[in-house]
Amino acid sequence: MRARIGQKVVVAVVFVAAMFMSIMDATIVNVALPTIGREFSVGPTAVDGISIAFLVSLAVFIPASGWLGDRFGGKRVMLTAVVVFTVASALCGLAWSLPSLVAFRVLQGVGGGMLAPVGMAMLFRAFPPRERIRASAILTVPTTLAPALGPVIGGVLVTDLSWRWVFYVNVPIGIAAFLFGLIFLDRVAPGQPGRFDLPGFLLSGIGLGSLMYGLSEGPDRGWGSPAVLVPIVAGVLLLAAMIVVELRTAAPMVDLRLLGDRLFRACNGVIVLSSVAFLGTLYAISLYFQDGRGLSPLASGLSTFPEAVGVMAGAQLASRVLYPRLGPRRHIAIGLLGTGISMGLLALLTEQTSLWWARLLMFSMGFAMAQVFVPTQTAAFASITSAATGRASTMFNTVRQLGGAVGVALLTSAIVAVGPTHLVGGATVANLTAYRVAFLVAGAVCLLGVAAALTIRDADAAGTIPPTRRRLAAERAARQAVPENPTPGNRALL
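Small disclaimer: the values here were computed from a predicted structure and weren't measured. (Residues numbered from 1 in each chain as written. Predicted model: local features only at pLDDT ≥ 70, side-chain atom pairs only at ≥ 80, totals over all residues. Heavy atoms only, no water.)

Enquirer: Would you mind going over the overall build of the chain in detail, with residue names and values included?
Expert: In terms of helices and strands, the chain carries 18 helices and two strands. Taking 494 residues into account, the globule formula puts the C-alpha radius of gyration at 23 Å, and the chain, at 23 Å, falls close to it. Based on the C-alpha atoms only, the size of the chain along its principal axes is roughly 95 × 50 × 50 Å. The buried share of the chain, taken over its 494 residues, is 53%. Considering only residue pairs separated by 6 or more positions, the chain has 81% of its internal contacts joining residues 24 or more positions apart. Element-wise, carbon and sulfur atoms account for 68% of the exposed surface of the chain, whose accessible area totals about 20,700 Å². (Helix = DSSP H or I, 4+ residues; strand = E, 2+ residues; numbered from the N terminus. Rg over C-alpha atoms; globule rule 2.2 N^0.38 Å. Buried < 20%, exposed > 50% of the residue type's maximum accessible area, 1.4 Å probe, protein only. Contact = heavy atoms within 4.5 Å. Areas by Shrake-Rupley, 256 points an atom, 1.4 Å probe, with all protein chains shown as cover.)

Enquirer: So, the nonpolar core: which residues are in play, and what are the values?
Expert: Membership of the largest hydrophobic core comes to 107 residues, with the highest contact counts inside it found for Met78, Leu123, Val270, Tyr288, Leu336 and Phe439. Per-element accounting of this core gives the leading share, 14 residues, to helix 11 (residues 262-292). (Core = buried A, V, L, I, M, F, W, Y, C linked by side-chain atoms within 4.5 Å.)

Enquirer: Describe helix 10 (residues 226-247), listing the residues and the values that go with them.
Expert: Compared with the 32 Å implied by 1.5 Å per residue over 22 residues, the 31 Å span of helix 10 between its first and last C-alpha is a close match. Inspection of helix 10 places Val228, Pro231, Ile232, Gly235, Leu239, Met242 and Glu246 among the buried residues, and these make up the whole buried set. Projected onto a plane normal to the axis of helix 10, the buried residues spread over an arc of 100° and lie on a single side. Across helix 10 from its buried face, at more than 90 degrees, point the exposed residues Pro226, Val230 and Leu237. At its buried positions, helix 10 is contacted by helix 9 (198-221). (Expected span 1.5 Å × (residues − 1). Arc of directions from axis to C-beta.)

Enquirer: Break down the state of the cysteines for me, with residues and values.
Expert: Within this structure, the stated rule accounts for zero disulfides. Cysteine Cys267 shares no disulfide, and the gap to the nearest cysteine sulfur, in Cys446, comes to 16 Å. Residue Cys446 is classed as buried on the basis of its relative accessible area of 1%. (Disulfide = S-S within 2.5 Å.)

Pasting the structure below:
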């Protein structure tokens, strides 16, 4: 059986299972926070530490993942990360106090920080350039289905079982992914990434973690609060120092020289802006459904879910039809334009608008976003060597994670600035204008992404563009037209 299952399938299965578990965890836990707060008798501000601890820990360990994967081999690091995340999930479910739960969430972040970069590097090494569009379509499954399913599953588990099950649900998935990978994943010989870059790890990890913390706390505490300004300024200064140090290091933890590659640089610009808009909107739409329209967490999750359906449907069109015909430049630009229009249309929703219109727009946004994620992930690594894939994957995932944090902070701040509630006839009611402004901000960010997409040159990503059927037929006809034993004149033509 091991011989019959190709490594492309094996790597895809392990990656999707691991990433689904990790990404879903971020949204499924949010549903349980009020219940956890009541059980441990703490306020909303204190319980937010459960989410922030995971986010900060994730940011600290993502930069080291590329070096670890190259040094110890993708299989060993990937399976270790799955074990750490699974064990930490079980411990979270067994937590006896808020401090213990926060500590176990930090451990979850250690495992989660290694999953995405190492798994993506393994996936792109398993697929040759012409087939990476298929790999990118696979990547969209966990990155889009998991965030949408999280609130739905979380609502069911918290309502019918216990908040502890939002962590226990990861355990069977993690065990299955570990056993499957242990049996079927091929072991790849470790590389020679050089010495561990301790200064780069400390500066990048602490800098990103500090910045993530400040961005997470900003909308709640206020951007002028010292508790927000100090970590943000510290994070920016540490990251600036990291840039100086890493550019002078022979084997850097964060290989900033990769940004000298024109295509990789442009795709990173697209992914950070699209993550700001898309992940920020997913967070804002959840607030709109629950706080603005009064839906339960479960109903809100079900109303958001059409986005995931749209992404999965759009990914098939993107990988099979549009990318081979359009190339990355036009494909990504059209996708961002469609996503921005969908977000702009969300701003037209009123108190009387049927929720089915909102759900339809969520589907269209997901469908359009697939035309961004799939081609961007495919083209980004087109000119990256196999040896540098691990480091490139680390940077790509770091940028995406940072974009998501900025998006949530930006759109939440827009809602807070306008005011999520206002007085009508002496009663406090939801102010939907605040959510409309947030959706317009997200749409504007998408338009900035279009500008970044138009800097991409299709010729740079030519190796990843599969030939269309028409092109294959033309090449086949040309080969058949050439005689098997060409005359000297034909040889000259050839």
